[in-house]
Amino acid sequence: MKRYVLLLSLSLGSLVQMHAQSLEECRSEWNESSANVSDNIRYTSLNPSRISFNSYKNKGVAKLDYTIGRGSYRPVDEGRQSNHLKFYMGGIKNLGKVDVSGFISYRNLQEKDKKWNSTLFLNPDNPFVLCDSVASDATTESFEMGMTASYAWNESWKGGISIGLTLGSLSDQTDPRPKTNTTVLPIYAGAEHRLNSQWALGATAGISFYNSDIAYTLVNPLNSHRYFLMKGMGDYYRISSNDVSGYQRAYKGLNYTGALQLVWEPEHKKHGNFTEVRYTHVSEEATDGGSSYKFYGGDYTSDEWMLQNRFLLSPHRQTRHHLVLTASYHSGKGIWRDQKMMTDTEHGNLVYYETLSKYKIQDDRRMTAGLEYRFERLKDDKQDFFVDALAAFTSSAYNHQLSTGKAKQTSTLLTTQLSAGKFLNIKSAGLDLSVHGGYRIPLSRTYGNGNTRTADEDISAVYTRPQFEYAASGHALIGALAQVAIPLPKKITLGIYISTDFMFYTDKNEYDDIFDGTNRSLSTAGVYLQF
């Protein structure tokens, strides 16, 4: 029986939100096996040829789990309660010179009292969000599939391609009723050339297409509702349902990515080093009105550079040391158009919008740095015990253009986390136990409000301040996981697992007291088959 039978995300991403995936988080990638996270120094590479270097090449898994989320310590645009059903099936297969991996997944997320964001899979830095302020019970469904294939031409050259597809929908049944349909299509291609017995050089290019349509409808047109066309930091353009009973928006996005990899891996593999540099350009634009008229809802572009370096030391057969360094720099800008509604009386009173001016309304900057150390003790070439420690530093700045000058929000955060796990044999079954915890500390922060409207239209108390307080606040996280793996005939393993995470606010209500004494819990139970 393999001791890498279950690959679970420990929800550490909720604690460290702005860094590259940690090695412990990578264990959630079921289709490529958690054992390969430790063995394959290229595992976190963007290059599809990485799967040619997996140690475990023939595995499959199917799993079903359910997560319950409760508590008020949450982003302002997420629901107070959540129930999340997830199904996943994936695997890896070696076909001689060809290695393939693939997966399909389905998610159904039910949220109570969700408001302030009707977008789905939009870049989180994009300020041009379409939303309403009515709390409702929302349903988000997504279907995702992906495939990676790598071909070894010879000992020196390997190349691969990776294709994914995500289809998502979001809806609720309370006026005004948004219906959001989104498609994301990423494609990556890459190759690696071994220069000599120790060094290899790789390159990757990728493109991702993003399309999303939002349509608001009203069942009861007698009640008036407001549509908020956000411009960043609480600044918005308002449209009333008295003027437009329903509202439509279309997002289109195109992302370009390029990466270079350098690998140092001696033949004995007692140590090695992997370095990757990535560049990503993001472009998203919002156009409103559907076929009736054309209103520009904002254009967002960003550029990001990211570095990751992973050093592996395995001086003895039964121990491994991993040291991972990550760093990134992100810059983005949002372009807004001041527009005026016009009526073409010569063509049937056709309504259109004329652009009066076009200018940069918001820019954002973010720098991150992270350092992770992981120790693994092996027994019979299988993981027996691990300790994982990570520290991440994030500095962010947002500038918003106002008629009276500029509003600015800044934050500098330090996040730490620690995980430890142990494997136990209980007769023929295996028991995995792990615990984790962490802390996020705001080192500095500055709040700015982009509101330019009258007091009765100011949303800073219900949106801007709570949003900033959550994003820049201090909090602590503790959690645990337990899983049992039971061997079945025909080399099949049945697994049952439970996990819980508890995050609580530890700050001093500097900008808003909405989170005083609040917390958030996530509890998961699931079952899986590995074959």
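Residues numbered from 1 in each chain as written. Predicted model: local features only at pLDDT ≥ 70, side-chain atom pairs only at ≥ 80, totals over all residues. Heavy atoms only, no water.

### Re the overall build of the chain
Then comes step 1: The number of helices and strands found in the chain is 3 helices and 21 strands.
Then comes step 2: For 531 residues, the compact-globule estimate of 2.2 N^0.38 gives 24 Å, and the chain sits close to it at 25 Å.
Then comes step 3: Projected onto the principal axes, the alpha-carbon positions of the chain cover approximately 80 × 50 × 45 Å.
Then comes step 4: Here the chain holds 531 residues, and the buried ones make up 52% of them.
Then comes step 5: Taking all contacts inside the chain whose residues are at least 6 apart in sequence as the whole, residues at least 24 apart take part in 67%.
Then comes step 6: Total accessible area computed for the chain in this model is approximately 23500 Å², and 57% of it derives from carbon and sulfur atoms. (Helix = DSSP H or I, 4+ residues; strand = E, 2+ residues; numbered from the N terminus. Rg over C-alpha atoms; globule rule 2.2 N^0.38 Å. Buried < 20%, exposed > 50% of the residue type's maximum accessible area, 1.4 Å probe, protein only. Contact = heavy atoms within 4.5 Å. Areas by Shrake-Rupley, 256 points an atom, 1.4 Å probe, with all protein chains shown as cover.)

### Remarks on the pattern of salt bridges
Then comes step 1: For the coordinates displayed, the defined rule picks out 26 salt bridges.
Then comes step 2: We note a salt bridge from E192 to R42, for which the minimum N-O separation is 3.0 Å. Of this pair, E192 sits in strand β7 (residues 177–194) while R42 sits in the loop between α2 (34–39) and β1 (59–70), and the two are 150 residues apart along the sequence.
Then comes step 3: On the basis of relative accessibility, which here comes to 7%, the residue E192 falls in the buried class.
Then comes step 4: Here R42 falls in the buried class, since its relative accessible area comes to 2%.
Then comes step 5: In this structure, D113 engages R80 in a salt bridge whose closest nitrogen and oxygen atoms are separated by 2.8 Å. With D113 in strand β3 (residues 98–114) and R80 in the loop between β1 and β2 (81–95), this residue pair connects regions lying 33 residues apart in the sequence.
Then comes step 6: We classify R80 as partly exposed; its relative accessible area is 31%.
Then comes step 7: Overlapping salt bridges bring together R42, E192, R194 and E265 as one network. (Salt bridge = Lys/Arg side-chain N within 4 Å of Asp/Glu carboxyl O.)

### Considering the sheet that holds strand β4 (residues 130–131)
Then comes step 1: Strand order in this open sheet of 3 strands is β4-β9-β10, and the pairing throughout is antiparallel. If you trace the sheet from one side to the other, it starts and ends with β4 and β10 (235–240), each paired once.
Then comes step 2: The pairing of strand β9 (residues 226–232) with β10 spans 6 bridges and is classified as antiparallel. Residue pairing for β10: F228 is matched across the bridge by R238. (Pairing = 2+ DSSP bridges.)

### Examining the packing of aromatic side chains
Then comes step 1: Under the counting rule described, the total for this entry stands at 25 aromatic pairs.
Then comes step 2: Relative to Y353, the ring of Y293 lies with its centre 5.5 Å away and its plane at 50°, an arrangement referred to as tilted. Here Y293, found in the loop between β12 (271–288) and β13 (295–313), pairs with Y353, found in strand β15 (residues 350–379); they are 60 residues apart in sequence, far enough to count as distant.
Then comes step 3: On the accessibility criterion, Y293 (15% relative accessible area) is buried.
Then comes step 4: An angle of 80° between the planes, with centres 5.4 Å apart, marks the rings of F468 and Y511 as edge-to-face. Here F468, found in helix α3 (residues 460–471), pairs with Y511, found in the loop between β20 (492–505) and β21 (519–530); they are 43 residues apart in sequence, far enough to count as distant. Assigned by exposure class, F468 and Y511 land together as buried.
Then comes step 5: One aromatic cluster in this structure is built from F128, Y237, Y293, F295, W336 and Y353.
Then comes step 6: One cation-aromatic arrangement involves R42 over F53; the distance from NZ or CZ to the ring centre is 3.6 Å.
Then comes step 7: Taking the ring centre of F386 as reference, the NZ or CZ of R374 above it sits at 4.3 Å. (Phe/Tyr/Trp six-rings, centres within 6.5 Å; stacked < 30°, edge-to-face > 60°. Lys NZ or Arg CZ within 6 Å of the ring centre and 35° of its normal.)

### Quick look at the nonpolar core
Then comes step 1: Judged by nonpolar contacts, the single largest core of 29 residues is most densely connected at W116, M230 and Y247.
Then comes step 2: Only β4, β8 (199–217), β9, β10, β13 and β15 provide two or more residues apiece to this core.
Then comes step 3: A total of 4 residues in this core trace back to one element, the largest contributor, which is β9.
Then comes step 4: With near-sequence residues (within four places) excluded, Y247 lies in contact with L130, I214, A215, Y216, Y227, L229, I239, D288, Y293 and F295. (Core = buried A, V, L, I, M, F, W, Y, C linked by side-chain atoms within 4.5 Å.)

### Remarks on the confidence of the model for the chain
Then comes step 1: Chain-level pLDDT for the chain is 89 on average; 93% of the residues reach the 70-or-more range.
Then comes step 2: Low pLDDT, under 50, characterises residues 1–20; the predicted model gives this stretch 92 contacts beyond four residues in sequence or across chains.
Then comes step 3: Of the regions scoring below 50 in pLDDT, residues 26–32 engages in 37 contacts with residues more than four places distant in sequence or in other chains. (pLDDT = per-residue confidence, 0-100.)

### Considering unusual backbone geometry
Then comes step 1: Cis rather than trans, the peptide bond between D175 and P176 has omega equal to -10°.
Then comes step 2: Tracing the chain through its elements places P176 in the loop between β6 (157–172) and β7.
Then comes step 3: Located in the positive-phi region is K490, a residue other than glycine, with phi close to 60°.
Then comes step 4: As for its placement among the helices and strands, K490 is situated in the loop between β19 (475–488) and β20.
Then comes step 5: When its relative accessible area of 80% is taken as the criterion, K490 is described as exposed.
Then comes step 6: One non-glycine residue, K491, adopts positive backbone phi at about 55°.
Then comes step 7: With relative accessibility at 78%, the residue K491 sits in the exposed group.

### Examining the environment of E304
Then comes step 1: Looking at where E304 falls in the secondary structure, it is placed in strand β13.
Then comes step 2: Residue classification places E304 among the partly exposed residues on the basis of a relative accessible area of 27%.
Then comes step 3: Sequence separation of E304 and Y329 is 25 residues, and the distance between their C-alpha atoms is 5.6 Å.
Then comes step 4: Among residues more than four places away in sequence, those in contact with E304 are R278, Y279, T280, Y329, H330 and R366.

### Details of the pairing of β21
Then comes step 1: Summarising the sheet, β1 and β21 pair through 10 bridges and their orientation is antiparallel. Each residue of the ladder has a partner; that of T67, found in β21, is T524.
Then comes step 2: Bridge count for β20 against β21 is 12 bridges, and the pairing is antiparallel. Bridging across to β21, F504 finds its partner in N519.

### Section: the side chain of T119
Then comes step 1: Mapping T119 onto the fold places it in the loop between β3 and β4.
Then comes step 2: When its relative accessible area of 10% is taken as the criterion, T119 is described as buried.
Then comes step 3: Within the structure, the side chain of T119 is placed 2.6 Å from the side chain of N117, a separation counted as a polar contact.
Then comes step 4: Beyond its immediate chain neighbours, meaning those up to four positions away, T119 contacts V129, L130, L170, I214 and Y251. (Polar contact = N/O pair within 3.5 Å; in protein donor to acceptor, adjacent residues only side chain to side chain.)

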